[in-house]
Amino acid sequence: MIKIPLSESQKNKIENIYWDWICKYHIEKLIETIKNDKTMRELVLNGTKDLKAAIKKFLLSDYSELEIIKERIDKIRESNASLKKSTKDFLFARYVNYRNSQAAKIVNILGMTVCPYCNQNHINVVYEKENKVRFWGDLDHFYDKSTYPELVVCLYNMIPVCKVCNQLKSSQKGKLVNPYNCKVKSNIKFRTEFDEKVDLDYLQGKSQNFHITIDKYEATEEDLEEIKLFDLENRYKQLKQNAQEIIIKSRAYDSLYQNQLKKEFELDDEEIMSYIFGYTDNHLNRVLSKFNLDIMNEFINND
Ligand SMILES: [Zn+2]
């Protein structure tokens, strides 16, 4: 639902952290493991000769390269080839190590505190003494690790998410868009709707006789899959109180009042709206940011 935009500087930083970690602790064993596993060797080398450079390219594959590699793995599976158990064990152990030692640093640089799939739960990065950071969120393998163990430690295949979403996604294999792919827009949009009482008071913020729904008018196949997979409709249905508050605010903060606040706190137009209604630009560091924005747009446009 929420995309993870990467600036050039963020991209360089996270890739440097990741590759330093590989080079410092794992590269020799990694080269040896890949050399000795035919499936992995062919997949990583892909016609090139320099194994170390090929490993770097493979591990740092972006979302579109990952898709191509995934298709190659699907083809490999048709001939029943798979990884050696020792290769699998080695890669999975590197993943656990990455999670425990590197994930928090990466999430920190990405500036993410909220799950990109649901925008409801925090991804907890805990700061401890001596500048140590610990990662208490989950990492979702965009291409799941049991079907695609080859990709278990590829940087952009590991999406920082909340525990609920990770659990919901692990059991199902839907066609989703990788959150790192910012070229494909998400068209998921929350809105309110009359319930069976058809109570006009709700439009004034005076009742909770309405329900929350997701507008599917412009939703793509992938959006619909995401709504279903993460049970978004049910998970947002309960937020009537939040929606009612937004409706009241859209009436209470008229332009006169907004202008006063802007002057007093030296805020611009966008800042004042995001403070009143509780959203941030990319939604990745405020829970319910997307929901708050959508409901706000529904009601301020009706004025
Ligand atoms: Zn989530």
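Residues numbered from 1 in each chain as written. Predicted model: local features only at pLDDT ≥ 70, side-chain atom pairs only at ≥ 80, totals over all residues. Heavy atoms only, no water.

As recorded in an unreviewed UniProt entry, the protein goes by the name HNH domain-containing protein, listed as coming from Velocimicrobium porci.

Where like charges cluster on the molecular surface, the negative patch consists of D268, E270, E271 and D281. Structurally, the position occupied by E270 is in helix α12 (residues 269–277). (Patch = residues over 30% accessible without salt bridge, like charges linked within 9 Å, V, L, I, M, F, W, Y side chains within 5 Å. Areas by Shrake-Rupley, 256 points an atom, 1.4 Å probe, with all protein chains shown as cover. Salt bridge = Lys/Arg side-chain N within 4 Å of Asp/Glu carboxyl O. Lys, Arg positive; Asp, Glu negative; His and termini not counted. Charge placed at Lys NZ, Arg CZ, Asp CG, Glu CD. Helix = DSSP H or I, 4+ residues; strand = E, 2+ residues; numbered from the N terminus.)

This paragraph deals with the domain arrangement of the protein. The domain architecture assigned to the protein consists of domain 1 (8–170) and domain 2 (189–300). Computed over C-alpha atoms, the centres of domain 1 and domain 2 are 35 Å apart. Taken residue by residue, the interface counts 16 residues in domain 1 and 16 residues in domain 2. Summing both sides of the interface, domain 1 and domain 2 together bury roughly 1300 Å²; the carbon and sulfur share of this comes to 55%. On the domain 1 side of the contact with domain 2, N119, Q120 and L168 bury the most area, a combined 46% of that side's loss. (Domains from an automatic or database assignment. Contact = heavy atoms within 4.5 Å. Buried area = accessible area lost by both parts, 1.4 Å probe.)

Here the focus is a nonpolar patch on the surface. A contiguous nonpolar patch, built from F194, V198 and L200 and spanning about 290 Å² of accessible area, is present on the exposed surface. With respect to the helices, strands and loops of the structure, V198 is situated in the loop between β5 (189–194) and β6 (210–215).

Moving on, we get to the coordination of the zinc ion. Note on the zinc ion: its protein donors are C115 (SG), C118 (SG), C162 (SG) and C165 (SG). The metal-donor distances range over 2.3 Å. What the four donor atoms of the zinc ion show is an angle range of 107 to 112° at the metal, which sorts the shape as tetrahedral. Linear spacing of the donor residues for the zinc ion on their chain is C-x2-C-x43-C-x2-C. The class for C118 is buried, based on a relative accessible area of 0%. (Donors = N, O, S within 2.8 Å, 3.2 Å for Na, K, Ca; no water. Tetrahedral: all angles 85-135°; square planar, octahedral: opposite > 155°, others 65-115°. Buried < 20%, exposed > 50% of the residue type's maximum accessible area, 1.4 Å probe, protein only.)

Glancing now at the environment of W21. Looking at where W21 falls in the secondary structure, it is placed in helix α1 (residues 8–35). Considered as a pair, W21 and Y236 are 215 residues apart in the sequence and their alpha carbons are 39 Å apart. When sequence neighbours within four positions are dropped, the list of residues in contact with W21 reads H26, R94, N97, Y98, S101, Q102 and V153. At 2.8 Å, the side chain of W21 and the side chain of N97 are in polar contact. (Polar contact = N/O pair within 3.5 Å; in protein donor to acceptor, adjacent residues only side chain to side chain.)

Look at helix α13 (residues 289–300): 16 Å from first C-alpha to last across 12 residues, which is about the 16 Å you get at 1.5 Å a residue. Buried residues dominate α13, accounting for 10 of its 12 residues. Every buried residue of α13 is listed here: S289, K290, F291, N292, L293, D294, I295, M296, E298 and F299. (Expected span 1.5 Å × (residues − 1).)

In this section: the UniProt feature "coiled-coil region" (unreviewed entry) in the protein. In the numbering used here, UniProt assigns the "coiled-coil region" (unreviewed entry) feature to residues 222–249. For residues 222–249, the helix share is 86%, the strand share is 0%, and the end-to-end C-alpha distance is 33 Å. (UniProt positions renumbered as here; feature names shortened; annotations may be inferred.)

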